[in-house]
Amino acid sequence: DSLRNISNSMRRAARAVYIAGQGQVPVTRLQGATLAEMGASSIHSAIEDAGMERDRPTALFVGNMMSGILSSQQHLGPFITHAASLGNIESSTVEACCGAGGAALRAGYMAIASGLHDTVLVTGVEAMTHAEGTEVTKALATASHWPTEGGTGMTFVSLNAGLMERYMQKYGVEHISFAPFAMVAHRNAATNDNAVFSTKSVTIDAFEAAPTLIAPIQLFDACPTCDGGATVVLTADKEAARRSDGTVVRVAGSGAATDVLPVREREDPLDLVAVRMSAQQALGQAGLSVHDLDVCEVHDAYGIMACLSLEAIGVTPRGTGLEYANSGKLSLTGATPIATFGGLKARGHPVGATGVYQATETFLQLTRAAAANQVADASVALIQNVGGAGSSVFTHALVRE
């Protein structure tokens, strides 16, 4: 059944889908950012970047997880549409917890590929830090299996701590081996003005000395709660998507898969099945392999999740993710650059917006507009947004043409 599902999902899109422009606001904490302001600002920036009139997009897909819980505001489609003065276009919210941005991107992709729309907006937006920490923790936990996980007091820190402990025991590795994920992310965030931790460097000594959250997870193993908003313009019009130097960026493949929600009920919790399947779908549609990737933006909310994702995608065999990370291959000049603008760890993780930030940043990489964060000659990229502890995963392959 799994092979049949992958085969069905690898069917080529009826029409090519291009990214015409991008916009993002700085990821912040405790700065009073609102859903309306962040959504509208990123939309206006993206439309301006695309060189389009505001009335050209005919649909808006909004990725968000917690607006109803933390801001008492559901119905973000018309809410953001009105804030951005987009008129009476189609609009709706897409929810897949931490993977909401990637899910919204896939919805926009399908709207273009199917021929229902010619140009659409995909926005991710999340406001978290205005709420009390305990309230945010509980809201995040609703992305777990509530009867057996969140409702019993488990959090995503404890769920990832369980995965990390299991990995360390199975492969005989020590906590310090996870340091490269944090160090690479913070190093890249230092040259990203939109990163929440653009001034916080992490040394290996600081990594090991950081306070423990839930053993073995320490402070620099985990991403921060943040506020943020990002938008991309998707279009079927190749000429409208063409940059001044002639470059176009095409969404060459899109994949999505799910896994068992309760982590303990999975056959092997260290095997992220949905990560693997969605990556295979996206790469298969694009006619690419993992060996073609110049950039691989994984969902590095926790070091253990980045490690398991690299293994599941096929960048490195199972059990070797830490060896791969410690070889220097994840840096901007390495074989598989990740977190090129800081990732979830240091750019920040405004949950429902994260998948769209990945798209905006990768668009900058492929159009060679990433400045100090540029991966040399980047032409092929994979972006992957994960909901929960690997329970819903959305993967896209982007190529420069």
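The structure presented is a predicted model; accordingly, all values stated were derived computationally and were not measured.

Asks: Tell me about the overall build of the chain, and please be specific about residues and values.
Replies: Helix and strand counts for the chain come out as 15 helices and 11 strands. Relative to its length of 401 residues, the chain is compact, with a C-alpha radius of gyration of 19 Å against a globular reference of 21 Å. Seen along its three principal axes, the alpha-carbon backbone of the chain occupies a region of about 55 × 45 × 45 Å. Relative to its 401 residues, the chain shows a buried fraction of 61%. In the chain, the share of contacts with a sequence separation of at least 24, taken over all contacts with a separation of at least 6, comes to 77%. Of the accessible surface of the chain, which amounts to about 14900 Å², a share of 50% is contributed by carbon and sulfur atoms. In the chain, 26 positive and 37 negative side-chain charges are present, and the distance between their average locations comes to 5 Å.

Asks: How would you summarise the sheet that holds strand β10 (residues 380–387) if you had to cite specific residues and measurements?
Replies: Taken together, the 9 strands give an open sheet; going across it, the order is β3-β2-β4-β7-β1-β8-β11-β10-β9, and neighbouring strands pair in mixed fashion. Looking at which strands have only one partner, the edges of the open sheet turn out to be β3 (90–94) and β9 (295–297). Along the sheet, successive strands turn relative to each other by an average axial angle of 25°, direction set aside. Bridge count between strand β1 (residues 18–24) and strand β7 (residues 228–235): 6 bridges; the pairing is antiparallel. Residue pairing for β7: Tyr-18 is matched across the bridge by Thr-235.

Asks: Account for the pairing of strand β2 (residues 59–63), naming residues and giving values.
Replies: Of all 5 residues in β2, 5 are buried, a share of seventy percent or more. Every second residue of β2 is oriented toward a common face, with Ala-59, Phe-61 and Gly-63 on one face and Leu-60 and Val-62 on the other, all of them buried.

Asks: Could you give an account of helix α6 (residues 133–141), with specific residues and numbers?
Replies: Within the span of α6, buried status applies to Val-136, Ala-139, Leu-140 and Ala-141. Residues of α6 that are buried in the fold lie against α3 (67–70) and α7 (156–171).

Asks: Go over the state of the cysteines with me, naming the residues and quoting the values.
Replies: Applying the stated criterion to the full structure yields 0 disulfides. Counting only cysteine sulfurs, Cys-226 is the nearest neighbor of Cys-223, a cysteine outside any disulfide, at a range of 7.4 Å. Among the cysteines around Cys-296, which has no disulfide bond, Cys-307 carries the closest sulfur, lying 13 Å off.

Asks: Break down a nonpolar patch on the surface for me, citing the residues and quoting the values.
Replies: Residues Leu-213, Ile-214 and Leu-219 make up a contiguous nonpolar surface patch of roughly 230 Å² in combined accessible area. Looking at where Leu-219 falls in the secondary structure, it is placed in the loop between β6 (217–218) and β7.

Asks: Can you explain the packing of aromatic side chains? Please cite residues and give values.
Replies: Counted by the stated rule, this structure contains 2 aromatic pairs. Ring plane angle 55° and centroid distance 4.7 Å describe the contact between Tyr-167 and Tyr-171, whose orientation is recorded as tilted. Linking Tyr-167 with Tyr-171, this pair stays in helix α7, spanning 4 residues, or about one helical turn. Exposure remark for Tyr-167: the relative accessible area of 1% places this residue in the buried category. With 6.2 Å between their ring centres and 65° between their planes, Tyr-167 and Phe-178 make a pair best called edge-to-face. Of this pair, Tyr-167 sits in helix α7 while Phe-178 sits in the loop between α7 and α8 (179–189); the two residues are 11 residues apart in sequence, bridging distant segments of the chain.

What counts and how
Residues numbered from 1 in each chain as written. Predicted model: local features only at pLDDT ≥ 70, side-chain atom pairs only at ≥ 80, totals over all residues. Heavy atoms only, no water. Helix = DSSP H or I, 4+ residues; strand = E, 2+ residues; numbered from the N terminus. Rg over C-alpha atoms; globule rule 2.2 N^0.38 Å. Buried < 20%, exposed > 50% of the residue type's maximum accessible area, 1.4 Å probe, protein only. Contact = heavy atoms within 4.5 Å. Areas by Shrake-Rupley, 256 points an atom, 1.4 Å probe, with all protein chains shown as cover. Lys, Arg positive; Asp, Glu negative; His and termini not counted. Charge placed at Lys NZ, Arg CZ, Asp CG, Glu CD. Pairing = 2+ DSSP bridges. Axes fitted to C-alpha atoms, helices over the stretch in contact; angles between N-to-C directions. Disulfide = S-S within 2.5 Å. Patch = residues over 30% accessible without salt bridge, like charges linked within 9 Å, V, L, I, M, F, W, Y side chains within 5 Å. Salt bridge = Lys/Arg side-chain N within 4 Å of Asp/Glu carboxyl O. Phe/Tyr/Trp six-rings, centres within 6.5 Å; stacked < 30°, edge-to-face > 60°.

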